[in-house]
Amino acid sequence: MSTERAQEKRQFGHRARLALTPAQVRLVDAQAHAARTTWNLLHDWWTMLPKDKRTLAAADAAIRQARKDIDWLAALPAQAAQAVLKTYFQAWKNCWDGRAEAPNFKARFRTVMSVDVPQGRDLQIKRVHRRWGMASIPKVGRVRFRWTKDLPIGKAAGTDNKITGARLVKDALGWHIAFRIQTLVTAPGPHTGPEVGIDAGVTIPLALSDGHHQDHGRPARLPDGTADRDKWLNPDEKAKLLRLEQRAAHRKSFRKPGQKTSNRLKRTYDQIASLRATAKRRASDWQHQTTTHLARTYSVIVVEKLDIPNMVKSARGTIENPGKNVAQKSGLNRSISQEAWGRTVTMLTYKAARHGGTLHKVPAPGTSRRCSMCGFTTPGSRESQAVFVCKNEGCGWSDNADHNAARNVLHLYRMGHALVPAAGRAVVRRPRGVKPATARQAGISRLQPGEHFNVTPCASTPARTKR
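Notes on the structure follow. Predicted, not measured: the structure shown is a model, and the values here were computed from it.

Next up on the list: the overall build of the protein chain. Within the protein chain, the secondary structure is distributed over 9 helices and 14 strands. Within the protein chain, the proportion of its 467 residues that are buried is 37%. Sequence separation of at least 24 residues holds for 65% of the intrachain contacts in the protein chain that already meet a minimum separation of 6. Approximately 27,700 Å² of the protein chain is accessible, and the part contributed by carbon and sulfur atoms is 53%.

As structure tokens, then:
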């Protein structure tokens, strides 16, 4: 019997920082503003025309005419303008399929500046140093970028391994280039690792059912017990951030209502955004390393299906019914948002599929209050955030509350209460109007009072049937 596995195409992106000269920055900025203006003109044209005249050919003709009438739109290459048209039409398709909201006007100061390079052959990538590479950007010239990953160029490139395009994106740390890479890889075999349940938290970011945990290596709280919203910054960076925020507040106090923001205040805001972006980059790097380790170690990963938008709602209430502990709830909301649990689950979904494993979600209610040893849910068992002591007579089992919840998460999966498993994509595309499948059992009844949790697990949840 042959043991050779099939080959499959995989598409992924790689982002690298650009090192642009001041002249190149002005050219790329001009292209980004032209691309945003092209989108806005196309949106106005689309919304004003009758539905029977909204065609791709008519939109292409409108863009060509706009580039002739407005001279500074010529800063954007023609192929990049066509990419704007393609992206706009795809946005409407996503809206019609119920996957996204309708496309809207792109404001100057609230829109991420970006420029698309739709064809990979225009890049002409070359590695010139151990840490640097060169690429060609239309109407900009040769630019340098940080070489942190081997790219399929030269002899390594081919029909199945190639760069299909790129996108220039600007954030608070400057301009970056995101390569679109298509490669041929061997389909992963079945993962032979153990199963694990994961409980997401704030004090312990990821608690595992086998007793291990994944933390940031940084204290989640300050010495006074409050949550540290800047835990990804070192002490010097925290002090600098505090000075910048005080400087911004001082300069803002001199601005009169309706007065334009001064250039000094804008520079201060840019410095604050740079530090915030650095913290976000470190958090994302930790998530990538942690999720890759989990996907390589475990064959089945089980998480809770959390309604995060509902969890971070404000407790302020209304004038008639004011909320309680508003400041405390606000701090908790910031801590939950900082952990980015949704992004962690997204990474686990595609990385588990990439390594031959699967990710499942189970209902979240009751996992932190139930005892994973005896199966009883007794009031007052969770004595604090970190301490769980079962109040059931004859049990009295105690452990870390997060690890107890992680074992409950894994048990729900083994008892057949898992929801429809992810199919290897971060977003499941389904036709409009079709609702997700509800939770289903695998022929095993729920746990009865007094029944022990350490029972023989049933078979894995069957795969989703095709519709």
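The structure having been displayed, the exposition proceeds.
A few words now on the packing of helix 2 (residues 56-69) against helix 3 (residues 78-96). Two numbers describe how helix 2 lies on helix 3: the axes approach to 11 Å, and their chain directions differ by 140 degrees. Comparing their axes, helix 3 and helix 2 come out oblique. As for how helix 2 packs across helix 3, the hand of that crossing is right-handed. In this structure, helix 2 uses Leu-56, Ala-59, Asp-60, Ile-63, Arg-64 and Arg-67 to contact helix 3, whose residues at the interface are Ala-78, Ala-81, Gln-82, Leu-85 and Phe-89. Considered class by class, the residues forming the contact of helix 2 with helix 3 number 7 nonpolar, 1 polar and 3 charged.

If you check the backbone angles, Gln-124 has positive phi at about 50 degrees while not being a glycine. Considering the arrangement of structural elements, one finds Gln-124 in the loop between strand 2 (114-117) and strand 3 (126-127). Non-glycine residue Ala-340 carries a positive phi angle of around 55 degrees. By the secondary structure assignment, Ala-340 is in the loop between helix 7 (326-339) and helix 8 (341-354). Residue Ala-340 is classed as buried on the basis of its relative accessible area of 17%.

For the rest of this paragraph, the subject is helix 4 (residues 235-252). End to end, helix 4 covers 26 Å across 18 residues, agreeing with the expected 26 Å (1.5 Å per residue, within 8%). Among the residues of helix 4, Glu-237, Leu-241, Leu-244 and Ala-248 are the ones counted as buried. For helix 4, the buried positions fall inside an angular range of 65 degrees around the axis, keeping them on one side. With respect to the buried face of helix 4, the exposed residues turned more than 90 degrees away are Pro-235 and Asp-236.

As a further point, take the sheet that holds strand 1 (residues 7-19). An order of 2-6-7-1-5-4-3 is seen for the 7 strands of this open sheet, with the pairing classed as antiparallel. Strands at the two margins of the open sheet, each flanked by one partner only, are strand 2 and strand 3.

Turning to the nonpolar core, a few remarks are in order. In globular proteins that are soluble, nonpolar side chains generally tend to be buried together. Of all hydrophobic cores here, the largest spans 44 residues; its most connected members are Ile-125, Phe-145, Ile-177 and Phe-179. When residues of this core are assigned to their parent elements, the largest contribution, 9 residues, is made by helix 3. Sequence-distant contacts of Phe-145, that is, excluding residues within four places in its chain, are made with Ala-16, Arg-17, Leu-18, Ile-125, Arg-131, Trp-132, Gly-133, Met-134, Ala-135, Leu-151, Ile-177 and Phe-179.

Take the sheet that holds strand 10 (residues 213-214) next. In spatial order, the strands read 10-9-8-11-12; together these 5 strands make up an open sheet with mixed pairing. With one partner strand each, in any of the chains shown, strand 10 and strand 12 (358-363) form the two edges of the open sheet. Note that strand 9 (residues 206-208) and strand 10 share 2 bridges and pair antiparallel. For Ala-207, the partnering residue across the bridge sits in strand 10 and is His-213. Here helix 8 sits on the sheet and contacts strand 8 (195-200), strand 9, strand 11 (300-305) and strand 12; the angle it forms with strand 12, its principal contact strand, is near 140 degrees.

Moving residue by residue along a regular strand, the side chains alternate between the two faces of the sheet. Where strand 1 lies against strand 7 (residues 174-186), 11 bridges are found, and the strand directions are antiparallel. Bridge pairing in strand 7 links His-14 to Phe-179. Direction of pairing for strand 1 relative to strand 5 (residues 141-146): antiparallel, over a ladder of 2 bridges. In the sheet register, Ala-19 faces strand 5, and the bridge partner there is Arg-144.

This part is about the packing of aromatic side chains. Here a ring pair, both rings aromatic, is described through the centre-centre distance and the interplanar angle of the planes. Under the definition given, this model contains 10 aromatic pairs. Where Trp-232 meets Trp-286, the ring centres are 6.5 Å apart and the plane angle is 50 degrees; that geometry is what we call tilted. Of this pair, Trp-232 sits in the loop between strand 10 and helix 4 while Trp-286 is found in helix 5 (residues 263-297), placing the two residues 54 residues apart along the sequence. As far as burial versus exposure is concerned, Trp-232 and Trp-286 are alike and both buried. An aromatic cluster is present here, built from Trp-39, Trp-46, Tyr-88, Phe-89, Trp-92 and Trp-96 joined pairwise through their rings. The cationic tip of Arg-146 hangs over the ring face of Trp-132; the distance from NZ or CZ to the ring centre is 5.1 Å.

The rules behind these values
Residues numbered from 1 in each chain as written. Predicted model: local features only at pLDDT ≥ 70, side-chain atom pairs only at ≥ 80, totals over all residues. Heavy atoms only, no water. Helix = DSSP H or I, 4+ residues; strand = E, 2+ residues; numbered from the N terminus. Buried < 20%, exposed > 50% of the residue type's maximum accessible area, 1.4 Å probe, protein only. Contact = heavy atoms within 4.5 Å. Areas by Shrake-Rupley, 256 points an atom, 1.4 Å probe, with all protein chains shown as cover. Axes fitted to C-alpha atoms, helices over the stretch in contact; angles between N-to-C directions. Parallel < 35°, antiparallel > 145°, perpendicular 65-115°, else oblique. Left-handed = near helix turned anticlockwise from the far one by under 90°. Nonpolar A, V, L, I, M, F, W, Y, C, P; charged D, E, K, R; others polar. Expected span 1.5 Å × (residues − 1). Arc of directions from axis to C-beta. Pairing = 2+ DSSP bridges. Core = buried A, V, L, I, M, F, W, Y, C linked by side-chain atoms within 4.5 Å. Phe/Tyr/Trp six-rings, centres within 6.5 Å; stacked < 30°, edge-to-face > 60°. Lys NZ or Arg CZ within 6 Å of the ring centre and 35° of its normal.

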